[in-house]
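What follows is the residue order along each chain.
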Amino acid sequence: MHLAVDGWSLIERPWSAEALNLAEWVAAMAAADPDLHLSLVHPEGRLPPLPEEIQLQPAAVKLSAWGALRYQQRVLPGLARALGADLLFVPQPSAPLASPVP
């Protein structure tokens, strides 16, 4: 299975509980199941240390309200599809209105 993960918070608010929890969760998932392929889709920027098994996919978007909307609604689902992901995990209480990846 290929899981694409939204890593917006890891760049926008790397000190937040949400970002720290996401980094820990992604690392635990990578260690728990060797058959799980993880791709982290994120805005361009510096990430915390992550396991080598995780495929990183930076996106050229601005860290602004409009950039966040564009990223969430168009860039994130498009990159998840282009990566061949089976599922898209969005760890925020919002998600794309339409996505080619469930």
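Residues numbered from 1 in each chain as written. Predicted model: local features only at pLDDT ≥ 70, side-chain atom pairs only at ≥ 80, totals over all residues. Heavy atoms only, no water.

> Explain the pattern of salt bridges here, please?
Opposite charge on two side chains makes pairing possible when the charged atoms of those side chains draw close. Applying the stated criterion across every chain, the model contains two salt bridges. Between R13 and E12 there is a salt bridge, with the nearest N and O atoms lying 2.4 Å from each other. Under the relative-accessibility criterion, R13 is labelled partly exposed at 27%. Accessibility expressed as a relative area gives 28% for E12, which makes it partly exposed. Residue R13 pairs with E18 through a salt bridge whose shortest N-O separation is 3.1 Å. According to the relative accessible area criterion, E18 is partly exposed, its value standing at 27%. (Salt bridge = Lys/Arg side-chain N within 4 Å of Asp/Glu carboxyl O. Buried < 20%, exposed > 50% of the residue type's maximum accessible area, 1.4 Å probe, protein only.)

> What's the story with helix α3 (residues 65-83) in this structure? I'm lost.
At 3.6 residues per turn, the α-helix brings residues three or four places apart onto the same side. Over its 19 residues, α3 runs 25 Å from end to end, which matches the ideal 27 Å to within 8%, given 1.5 Å per residue. Burial in α3 covers these residues: G67, Y71, Q72, V75, L76, P77, L79, A80 and L83. On its buried side, α3 packs onto β1 (2-6), α1 (8-12), β2 (37-43), β3 (55-59) and β4 (87-89). G84, located one to two residues past α3, shows a positive phi value of around 80 degrees. (Helix = DSSP H or I, 4+ residues; strand = E, 2+ residues; numbered from the N terminus. Expected span 1.5 Å × (residues − 1). Contact = heavy atoms within 4.5 Å.)

> Looking at this structure, how should I read the sheet that holds β3?
Through backbone hydrogen bonds, the strands of a sheet pair up, either in parallel or in antiparallel fashion. Spatially, four strands are ordered β3-β2-β1-β4 in an open sheet, and the strand pairing comes out parallel. Strands at the two margins of the open sheet, each flanked by one partner only, are β3 and β4. Taken over all neighbouring pairs, the strand axes of this sheet differ in orientation by 25 degrees on average, direction set aside. Summarising the sheet, β1 and β4 pair through three bridges and their orientation is parallel. Residue L3 lies in a different strand from β4, and its bridge partner there is L87. Packed on one face of the sheet, helix α2 (residues 17-32) meets β1, β2 and β4 and runs near 170 degrees to β1. Against the sheet, α3 engages β1, β2, β3 and β4, with an angle of about 150 degrees to β2. (Pairing = 2+ DSSP bridges. Axes fitted to C-alpha atoms, helices over the stretch in contact; angles between N-to-C directions.)

> What exactly am I supposed to notice about α2 here?
Spanning 16 residues, α2 covers 22 Å between terminal C-alpha atoms, matching the ideal 22 Å at 1.5 Å per step. Looking at the packing, one finds that the buried side of α2 touches β1, α1, β2 and β4.

Take it as geometry only, folks, not as evidence of what the structure does.
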